[in-house]
Amino acid sequence: MDPPLVNVTDVVKTFPLRRRGGERQEVRALDGVSLTVRRGEYLSIMGPSGSGKSTLFNIIGALDVPTSGDVRIGDLSLPTLSSRQLAYVRGHHLGYIFQAYNLIASLTAVRNVALPRIFAGHSPQDAERVATAKLEQVGLGHRLTHRPGELSGGEQQRVALARALVLSPPLILADEPTGNLDTATSDA
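Residues numbered from 1 in each chain as written. Predicted model: local features only at pLDDT ≥ 70, side-chain atom pairs only at ≥ 80, totals over all residues. Heavy atoms only, no water.

1. Digging into the packing of aromatic side chains
The way to describe two aromatic rings as a pair is by their centre distance and the angle between their planes.
Piece 1. Tallied over the full model, the rule gives three aromatic pairs.
Piece 2. Each ring, one from Phe 57 and one from Phe 98, has its centre 6.0 Å from the other, and the planes form 70°; the classification is edge-to-face. Linking Phe 57 in helix α1 (residues 53–60) with Phe 98 in the loop between β5 (94–97) and α3 (109–119), this pair joins segments that are 41 residues apart in sequence.
Piece 3. On the accessibility criterion, Phe 57 (8% relative accessible area) is buried.
Piece 4. For the pair Tyr 96 and Phe 98, a centre-to-centre distance of 5.3 Å together with 10° between the ring planes defines the contact as stacked.
Piece 5. One aromatic cluster is present, built from ring pairs that chain together Phe 57, Tyr 96 and Phe 98. (Phe/Tyr/Trp six-rings, centres within 6.5 Å; stacked < 30°, edge-to-face > 60°. Helix = DSSP H or I, 4+ residues; strand = E, 2+ residues; numbered from the N terminus. Buried < 20%, exposed > 50% of the residue type's maximum accessible area, 1.4 Å probe, protein only.)

Okay, structure coming up:
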């Protein structure tokens with residue numbers, strides 16, 4: 001049997017908190033979280049604001065490290081990897097759809113989508129060809145040369161979706177990926 005795509009084991013994440021008067025405390029954002037995701041599975045993590053969803057997203061996505069516990073993407077234990085190795089994992093194994101889109105304002109839609117592919121070592125021509133196909137796939141073939149400020153919130157979200165798909169990563173992490181889309185587009 002193949003190893004799980006994601007395996008989170010007893011992950012704890014604390015953040016220091018300084019109160020008035022200098023008193024130090026810590027906020028426990030995650031308290032012994034464990035989960036397994038197999039290739040082809042879809043997992044939704046739901047909970048109220050402040051419950052640790054984004055913290056878990058950032059830890060699984062190699063954007064933050066746990067205070068304790070282990071996070072594995074395939075057979076790679078993220079807490080044991082160097083910064084350079086984590087950058088490689090982020091660039092080759094993960095696709096991100098951030099809640100705030102994180103598009104680069106000065107770049108066109110096609111360039112925003114092509115960027116991860118260029119960073120992964122593909123030629124700019126290949127990156128733009130694949131980026132164009134992904135934007136067409138999400139219904140934005142007519143908006144290739146538009147910058148984020150010229151796009152609606154839903155269109156920006158679809159650019160972020162295309163960017164997450166441009167390398168066909170084995171794992172897509174999405175933080176409220178359809179929050180700014182109308183129902184029909186969200187369903188599609």
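2. As for empty space enclosed by the protein
Piece 1. For the structure on display, the rule yields one cavity of 30 Å³ or more.
Piece 2. Considering only enclosed or pocket space, the largest cavity measures out at about 40 Å³ in volume.
Piece 3. Around the largest cavity, the lining residues are Ile 59, Ala 62, Asp 64, Val 65, Pro 66, Leu 78, Pro 79 and Leu 86.
Piece 4. Among the residues forming the lining of the largest cavity, the class breakdown is seven nonpolar, no polar and one charged. (1 Å grid on protein atoms, 1.4 Å probe; cavity = no way out; pocket = protein on both sides within 12 Å on 5 of 7 lines; lining within 4 Å. Points joined across faces, edges and corners; volume = space filled by probe spheres on them. Nonpolar A, V, L, I, M, F, W, Y, C, P; charged D, E, K, R; others polar.)

3. Notes on the side chain of Lys 134
Piece 1. Along the chain, Lys 134 turns up in helix α4 (residues 124–137).
Piece 2. Although Lys 134 lies buried, it forms no salt bridge, and the closest oppositely charged side chain, Glu 136, sits 11 Å away as judged by the N-O distance.
Piece 3. When neighbours within four sequence positions are excluded, Lys 134 is seen to be in contact with Ala 162, Leu 165, Val 166 and Ser 168. (Lys, Arg positive; Asp, Glu negative; His and termini not counted. Salt bridge = Lys/Arg side-chain N within 4 Å of Asp/Glu carboxyl O. Contact = heavy atoms within 4.5 Å.)

4. Points about the pattern of salt bridges
In a structure, side chains of opposite charge can pair up when their charged atoms sit close to one another.
Piece 1. Tallied over the full model, the rule gives eight salt bridges.
Piece 2. Two residues, Arg 28 and Asp 31, come together in a salt bridge whose shortest N-O distance is 2.8 Å.
Piece 3. Relative accessible area serves as the criterion here: at 56%, Asp 31 is assigned to the exposed category.
Piece 4. Here the salt bridges do not stand alone but share partners, grouping Glu 26, Arg 28 and Asp 31 into one network.

5. Structural notes on the sheet that holds strand β2 (residues 24–37)
In any sheet, the strands associate via hydrogen bonds between backbone groups, in a parallel or an antiparallel arrangement.
Piece 1. Pairing in this open sheet of four strands is antiparallel, and the strands run β2-β1-β3-β4 from one edge to the other. Strands with a single pairing partner mark the edges of an open sheet, and in this sheet they are β2 and β4 (76–77).
Piece 2. Alignment of strand β1 (residues 6–18) against strand β3 (residues 68–73), held across five bridges, turns out to be antiparallel. What sits directly across from Thr 9, in β3, is Asp 70.
Piece 3. In the packing of α1 onto the sheet, contacts are made with β1, β2 and β3, and the angle to β1 comes to roughly 120°. (Pairing = 2+ DSSP bridges. Axes fitted to C-alpha atoms, helices over the stretch in contact; angles between N-to-C directions.)

6. Quick look at the confidence of the model for the chain
Piece 1. A residue-level look at the chain finds 94% of positions with pLDDT of 70 or above and a mean pLDDT of 91.
Piece 2. Predicted confidence in the chain is weakest over helix α6 (residues 183–187), with a mean pLDDT of 63, and strongest over α4, with 97. (pLDDT = per-residue confidence, 0-100.)

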